[in-house]
Amino acid sequence: MTPAQRAHGAMLLFSILVAGSFSLGGLIANDIAPMALNAVRFVIAAVVIGAVAGLTGQIRGSYYQAPWRYLVLGAFFACYFVLMFYGLQTADPVSASAVFTLTPVLSGVFGYLLLRQVTSPRMALALCIGAAGALWVIFRADLAALRAFDIGRGEAIYFVGCVAHAIYTPLVRRMNRGESAIGFTFGTLVAGALLLLVVGWGDIWATDWANLPLLVWVGLFYVAIFASAVTFVLLQFASLHLPATKVMAYTYLTPSWVIIWQVALGNPAPRGLVLVGIALTVMALVLLLEDAAKPGSRVRA
């Protein structure tokens, strides 16, 4: 396999692992406070990434001369994950994953505001199709709910988290001063962990860690290692061999993988009309991949 083919494989695995965090997160979201769960998650992920950074010589004093950058990035990153689990307390995992597919559209808006990145017309069309598919799933294929904008509380909470994620993405590029990706992410994870330990200390102290269900621990280590540390490595590898547009396109596979996760965990599959929205998100993926493959179609910074 060529490096590009391996990168596509990496992003396929990335989308599968991210989808698992929605399905497993939905199962444990009401058994542990989101603040407590994500504080431990950030600590574990920081230890794993820190070990990788240390072994590869990517922790240098010069990387951390302006620590306020990591506090800002860590705050947005932590906000996304905490609101995701608050949202999953009431939102269906498939619906929540559809909200996640709105992130590329939001990132395009904030990318323009913060970095003056311009999106090609074809890519804009793909983003609109993906957003339409996401909204169709979010409103459960109910036109009356769509007209009334009757969105669930969990989806609304998670959408705010996705806004934080969309701001975080261009901020990484804006605030990076030449640090390596692993070293930069380590700083962000440490800052996020410190913020969550301070803000969420009450929830952490109140959690009966010794008597948590086994499923909570399974979900915790899954989101910390597989849906955080491993997906970061996959994303960094793919970013080295694929245009940013192709990397971003795999976001639209998440709802499809979540459905497979849900069925594998014994839950019923969504009804037919909801699958129309899923098909639209897959169509957006195809359009984005084709757009990125054409010369001169990349996002201009």
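Note that the structure is predicted; figures quoted are calculated from it, not measured. (Residues numbered from 1 in each chain as written. Predicted model: local features only at pLDDT ≥ 70, side-chain atom pairs only at ≥ 80, totals over all residues. Heavy atoms only, no water.)

### Points about the side chain of serine 15
Here serine 15 lies in helix H1 (residues 3-28). With sequence-adjacent residues up to four places away left out, serine 15 is seen in contact with Tyr250, Leu253 and Trp257. (Helix = DSSP H or I, 4+ residues; strand = E, 2+ residues; numbered from the N terminus. Contact = heavy atoms within 4.5 Å.)

### Quick word on helix H13 (residues 254-264)
Among the residues of H13, those classed as buried are Thr254, Pro255, Ser256, Val258, Ile259 and Gln262. Following H13 by one or two positions, glycine 266 adopts a phi angle in the positive range, close to 95°. (Buried < 20%, exposed > 50% of the residue type's maximum accessible area, 1.4 Å probe, protein only.)

### Digging into the packing of aromatic side chains
Here the structure, examined in full by the defined rule, presents 16 aromatic pairs. A network of ring pairs unites the aromatic residues Phe22, Phe42, Phe77, Tyr80, Phe81, Phe100, Tyr158 and Tyr168 as a single cluster. Between arginine 41 and the ring centre of phenylalanine 81, over which it is positioned, the NZ or CZ distance is 3.9 Å. (Phe/Tyr/Trp six-rings, centres within 6.5 Å; stacked < 30°, edge-to-face > 60°. Lys NZ or Arg CZ within 6 Å of the ring centre and 35° of its normal.)

### Some words on the packing of helix H2 (residues 34-55) against helix H3 (residues 68-88)
For the pair H2 and H3, the least separation of the axes is 9 Å and the interaxial angle reads 135°. Put simply, H2 runs oblique to H3. Pair H2 / H3 crosses with right-handed handedness. Touching Pro34, Met35, Leu37, Asn38, Arg41 and Phe42 of H2 are Phe77, Ala78, Phe81, Val82, Phe85 and Tyr86, all from H3. Classifying every residue of the contact of H2 with H3 gives 10 nonpolar, one polar and one charged. (Axes fitted to C-alpha atoms, helices over the stretch in contact; angles between N-to-C directions. Parallel < 35°, antiparallel > 145°, perpendicular 65-115°, else oblique. Left-handed = near helix turned anticlockwise from the far one by under 90°. Nonpolar A, V, L, I, M, F, W, Y, C, P; charged D, E, K, R; others polar.)

### A short note on the environment of alanine 39
Secondary-structure assignment places alanine 39 in helix H2. In this structure alanine 39 comes out as buried when scored by relative accessible area, which is 1%. In this structure the C-alpha to C-alpha distance between alanine 39 and alanine 193, which are 154 residues apart in sequence, comes to 5.6 Å.

### As for a nonpolar patch on the surface
Judged by side-chain polarity, Leu27, Leu214, Leu215, Val218 and Leu265 come together as a nonpolar surface patch covering roughly 440 Å² of accessible area. Here the element with the most residues in the nonpolar patch is helix H11 (residues 214-241); it accounts for three residues. When you line up the elements, leucine 215 lands in helix H11. (Patch = residues over 30% accessible without salt bridge, like charges linked within 9 Å, V, L, I, M, F, W, Y side chains within 5 Å. Areas by Shrake-Rupley, 256 points an atom, 1.4 Å probe, with all protein chains shown as cover. Salt bridge = Lys/Arg side-chain N within 4 Å of Asp/Glu carboxyl O.)

### Focus: the confidence of the model for the protein chain
Caution applies to low-pLDDT regions: their predicted coordinates should not be interpreted in detail. For the protein chain, the mean per-residue pLDDT works out to 81, and 84% of the residues sit at or above 70. Averaged pLDDT values for the elements of the protein chain fall to 66 in helix H7 (residues 143-147) and rise to 94 in helix H10 (residues 201-206). Note that pLDDT drops below 50 for residues 295-301; the model gives that stretch 15 contacts with residues more than four away or on any other chain. (pLDDT = per-residue confidence, 0-100.)

### A closer look at the environment of leucine 114
Here leucine 114 shows up in helix H5 (residues 103-115). Expressed as a C-alpha distance, the spacing of leucine 114 and arginine 174, which sit 60 residues apart in the sequence, is 7.7 Å. Leave out the neighbours within four places in its chain, and leucine 114 touches Ile167, Pro170, Leu171 and Arg174.

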